Structures are given as structure tokens and as C-alpha cells.
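Fold and geometry: a report
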Amino acid sequence: MSAATNLRSEDQFLCSICLEVFTDPVSTPCGHNFCKNCINQHWNINVPQCPMCNKVFNTRPELHINTLFSEVVAQFRHEAQQKTSSSSSEQQVSKPGEVPCDVCTGTKLKALKSCLVCLTSYCQTHLEPHLTVSGLKRHQLIHPVENLEDRMCRDHDKPLELFCKTDQTCVCVLCSVLDHKTHEFVPLKEEYEGKKAELEKTEAEIQQMIQKRRLKIQEIRDSVKISKDDADREKAEGVQVFTALKESVDRGLEQLIKEIEEKQKTTEKQAEHFITELEQEISELMKRSTEVEQLSLSEDHLHLLQSFPSLKAAPPTKDWTQVRVRPPSYEGTVVRAVAQLEETLSKEKKKLIEAELKRVQQYAVDVTLDPDTAHPNLILSDDGKQVHHVDEERNLPDNPERFSTAPCVLGKQSFFSGRFYFEVQVKGKTAWDVGVARESINRKGEIKLSPQNGYWTIWLRNGNEYRALECPPVRLCLKSGPEKVGVFGDYEEGLVSFYDVGAAALIYSFTGCSFTDKLHPYFCPCNNDGDKNSTPLIICPVNQTV
């Protein structure tokens, strides 16, 4: 029998009402077959009419089981069950977490598809009618899912086939003409396509967010590596410097002890020489004393008189009256050793600061002055790199950003994270302020420079008085006045440091600062002072070869 004949024969054994293999088949007068129960229920609610050819009967026909056809159906059912039994041994048994076949009895096989019309999941064998029978081919099959009853309308027991855009919910056909009759509807597939597109967009956005976070992770790891490299470098430099200092201290101590011991040995050697001479003289004197004593006891008149002249005079000796063993002076010995150590330390410190200055100069930023913040008595250069004070106040709008009383100006650039560095030439001036300030500082009325008020600055007054504007201010003792000041800031570290660029020396550092606002470079050329302080403050390009 050919495959086509098989398909036709299988189709002929299915009731067109229940779409299942006939149970107690009966024949209508027009010659069509149905399950006895199916046709009776159909006629209980409809007029006597054939569901296949629509022939209407004047009276409800009396139906009897078609014995011959019933036997043929029974044979077909038996063969189908054997086929099912044979194929089930080749199919996979449903495992936990997998959707089982709803038709299988006993051992449940794994479902391959679920039918949205039948609300049933089928294994390979029980799925066969949906793949071969023309009436069942029109059913919508999907990947196997559980809880198919959730796909039925709870109010009308109809499949959820539409999507109500008004209420954003799935509804059946009856819902669309009853409860939601004034709402906007689209087929589930259309809404599915739209939502699927949105999900794809969401997925793309999520993937982009994931990628950004992966990049952030890499950025953090890179930062940790940079931090570790910096830490290793600092440790290596620290070990090198402190090893050199330790060696210098050891050498200094060794030289100090050697110098003291040599002085002591010289003193001891001199004393031993004097003692040796004195002991020799004592020996000679004791010998003469014995001779004198013996002569004085002699009763030989002639011998005493003859020996008296040679024994009367004391033997020749040294005049020890002015002889002294003077202890050496050790005053200044330790001080000189410490001074030499300080000189060595100063050289090592200078090397460190030079290296540190080179590193911070790598964070150089291009700073220009903001004319909207400049006090009316300040003149800014066209390139925004120079500022000086004049006696005549210009007529400028008093905007909120402008300083009203103090001759100050801020840089346009602001810093809310990271590190920054810039240099200012102060050569030829007798007074100036340089540093950084919070963006939210008060710019009107009297201004007091201090970290509490949002300023981290140093200043010069009277040509030689340098101070760090802490609270209270800290007097700075500088060997020489700087001609160019470098300003370095580390926002996260809470650090603002000032350098004498020419001398490669650290002037002062504000540490442990708590920055919560944007920071701006801050400049104050101070008053003109009768042209004594007319030289401008100049923002210089950073020469990183210093």
C-alpha cells in the first residue's frame, strides 16, 4: 500500500466531529460515518443535519452501530496501538523538567509539540495525526509547553487569539465583542512580532550594558594594575633611597666612632708616654734614695765624705709642672656628622622630588582664565594666560560668577575627578595667591582663604613672606623664592601640592582634603601697589623635561 493510500485510510477512520478514531461508529442516511455519541450530542443542540454534507433530515434518524465498519475500525485501532507501542520504545521517556505527552498512558514519552487548538502535548507517535490528517494540519503547533489551559480564556473557555492593546492583555474572540468590544485589538502574532522586536532591542541594549560593564571591569583592572605598578615603583624607590640613607647613616656612624676613638687613642698614647717617662724617673729616684739612705747609715767617715758630693744632688729629671694630658674636645663631632647626614638626605630628597615632579607633570592640563569670574580691576590677556591688576575699575556686568571685592579670577577648566597639574610664573611679583577653589565658593564680599571656605592656596606678601593658607596659616621657610609654581591636585586622594619648579622642590601639600564639588584653578595677582607689583601672573606651558 502506498503512503498516499495509508494517509487516506487513516483519515477515513477519524470522526470529523471529535477528530479521533471512531468509537461506536454509526452511519447517517446520507452515508457519512460519525461516533455515535458525537452525532447525538451534535443533534441535541442543532437541527438534524449531516455535519459533512449539510443534508437536513425532516425527522431525526434512528442510528445503529455499523457492525462491519466497527470491526474495521477496531482492526485499525489495534494496528495503530501496535505501531505506537513499537515506536514508543524508540522514543525518549519524559524526564523531570521536560513536557510529557498528554496522550500516553503508563510511561509518559517526551512531547515534541503542543497543539494550541487541542490544548494537548504530543509525543512523536501521537503527533502523527496532526501531521497527516487534513483537518488537524490546520492546528497551530508550538514547542512543547506545560499548562496549556493557561492559553484558554477563563471567562469563555476559548483560545486566547487576540491581544487587547487598550488593556495590554491577551483575550479570546468572545472577549473582543463582549467585555472589550470598544478596545483596540490585533492578532497575537502581530503583537508577538512587535514585542519580539522590542525584546530584541532590549536584548541589544542589555548586551550593550553588559559590554560597557565588561569594559568598566577591564578599566578597573587596568587601574588596579597601574596602581600596583605605581606601588611597586614607589616601594623600589623607597627601598633604594632608605637603603642608601641607611648605608650613609652606617658610614657616618662608623666615621664618627672612628674619629672619636682615634682622638682617644692619641690621648691614651700620649698619657702612656708620660707615664713611662715618669716611671723611669721614679726608678732612678728610688735608686738614688737607696744609695743616700745607705750612705747616711755608714760609720766610715772617709767614705761618706768622699761619696757625699755625688749623692747630694738629685739625679737629672724633667720639670713636670706644666705637663698635662688634656682630654680631646668632642664638641661638634656629632653635630658635624649629623649635618653631613642631613646634606646626604637633602640630596636624596631632591632626587625624589625631581622624580615626583616629572611624574605629576604628566597630568598637565591646558588652563585658561575665565573672564566672567575676573574682578573688574583685573586685565586678562587675549589668550587667557596672563592677568594683572590695574587701579582703574572697569565697567563690567556683576554676574554671580564674578568676584566683587577680591582681585581674583578662576580658570575655565574644572575638575571633578582624577589628577591635574598646571604651572604659574610668579617671577618679579611681591604679592600673589595661587591654588585651587571649589566652584561653589562665595565670590561676593570679604573672602577668607582657607580649606574650610573652599580654598587650597599659598601666597606671597611683602616680597618674602610665604604662607600656606591653612586654618591657621602655616609660615613657609623657603631657601629662595620660586619663580614658577607648579600646582598638582589628586581629587580622589584629597591632595593639593605646590612645587618650586625651578628648584625642583616641594613647597607645601594639603593632605586629607575632602572634595565634594568641582575644583577650579585660582589666581590672585594682588593689588598693583604703585607699580611695585604690576608684573602679571602667567600660566605657562609645562616643560616635562625638567
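As a reminder, the structure under discussion sits directly above these lines.
Here, residues in each chain are numbered from 1, in the same order as that chain's written sequence. Predicted model: local features are reported for residues with pLDDT of at least 70 only, side-chain atom pairs are reported and counted for 80 or more only, and whole-chain, interface and lining totals are derived from all residues. Remark: hydrogens and water are excluded; side-chain values derive from all non-hydrogen atoms of the structure.

Some words on helix α7 (residues 188-297)
- In DSSP terms, a helix is any run of H or I states spanning at least four residues, a strand is any run of E spanning at least two, and both are numbered starting from the N terminus. Helix span is expected to be 1.5 Å times the residue number reduced by one. A rise of 1.5 Å per residue sets the reference length of α7, with its 110 residues, at 164 Å; its end C-alpha atoms lie 155 Å apart and thus fit the reference within 8%.
- Considering only its buried residues, α7 is in contact with β6 (162-164), β8 (185-187), α8 (301-312) and α9 (333-360). Only heavy atoms enter the contact rule, under which two residues are in contact if any of them lie within 4.5 Å.

Quick notes on the state of the cysteines
- Cysteine sulfur atoms are paired as a disulfide whenever they fall within 2.5 Å. Counting across every chain of the model gives zero disulfides.
- Here C18 stays free of any disulfide, with the sulfur of C38 as its closest cysteine sulfur at 3.9 Å.
- Under the relative-accessibility criterion, C18 is labelled partly exposed at 31%.
- Free cysteine: C524, not disulfide-bonded; nearest cysteine sulfur from C526 at 3.9 Å. With a 1.4 Å probe rolled over the protein chains alone, any residue whose accessible area is under 20% of its type maximum counts as buried; one over 50% counts as exposed, and the rest are partly exposed.

A look at a nonpolar patch on the surface
- Nonpolar side chains collect at one region of the surface, where L174, V177 and L178 lie side by side and expose about 240 Å² of accessible area between them.
- Tracing the backbone through its elements, the reader meets L178 in the loop between α6 (173-177) and β8.
- Overall, L178 belongs to the partly exposed group, its relative accessible area being 45%. Patches were defined on residues exceeding 30% relative accessible area and lacking a salt bridge, with like-charge contacts within 9 Å and nonpolar side-chain contacts (Val, Leu, Ile, Met, Phe, Trp, Tyr) within 5 Å. Note on areas: these come from Shrake-Rupley sampling with a 1.4 Å probe, and a residue is covered only by the protein chains present in the view. By salt bridge we mean one thing: a side-chain nitrogen of Lys or Arg within 4 Å of a carboxyl oxygen of Asp or Glu.

Topic: the pairing of strand β14 (residues 455-461)
- Across the seven residues of β14, five count as buried, placing the element largely inside the fold.
- Here, any two strands with at least 2 DSSP bridges between them count as paired. In the sheet, strand β13 (residues 432-438) pairs with β14 via six bridges, with the strands oriented antiparallel. Residue pairing for β14: D433 is matched across the bridge by W459.
- For β14 and strand β15 (residues 465-468), the ladder comprises four bridges, and the chain directions are antiparallel. By the bridge assignment, W459 is partnered in β15 with R467.

Quick look at the pattern of salt bridges
- Counted according to the given criterion, the structure contains 22 salt bridges.
- Its salt-bridge partner being K228, residue D232 comes within 3.0 Å of it at the nearest N-O pair. Of this pair, D232 and K228 both sit in helix α7, four residues apart, which is roughly one turn of the helix.
- With a closest N to O distance of 3.8 Å, K347 and E343 form a salt bridge. Of the two residues, K347 and E343 are both situated in helix α9; the distance of four residues between them amounts to about one turn of the helix.
- According to the relative accessible area criterion, E343 is partly exposed, its value standing at 47%.

Considering the pairing of strand β19 (residues 505-510)
- Here five bridges tie strand β18 (residues 495-500) to β19, and the two strands are oriented antiparallel to one another. Bridging from a neighbouring strand, V496 pairs with F510 of β19.
- Between β18 and β19, which follow one another and run antiparallel, lie four residues, and A504 among them has a positive phi close to 50°.

Considering the environment of E184
- With respect to the helices and strands, E184 occurs in the loop between α6 and β8.
- The contact partners of E184, leaving out residues within four places of it in the chain, are F163, C164, K165 and T166.

Take it as geometry only, folks, not as evidence of what the structure does.
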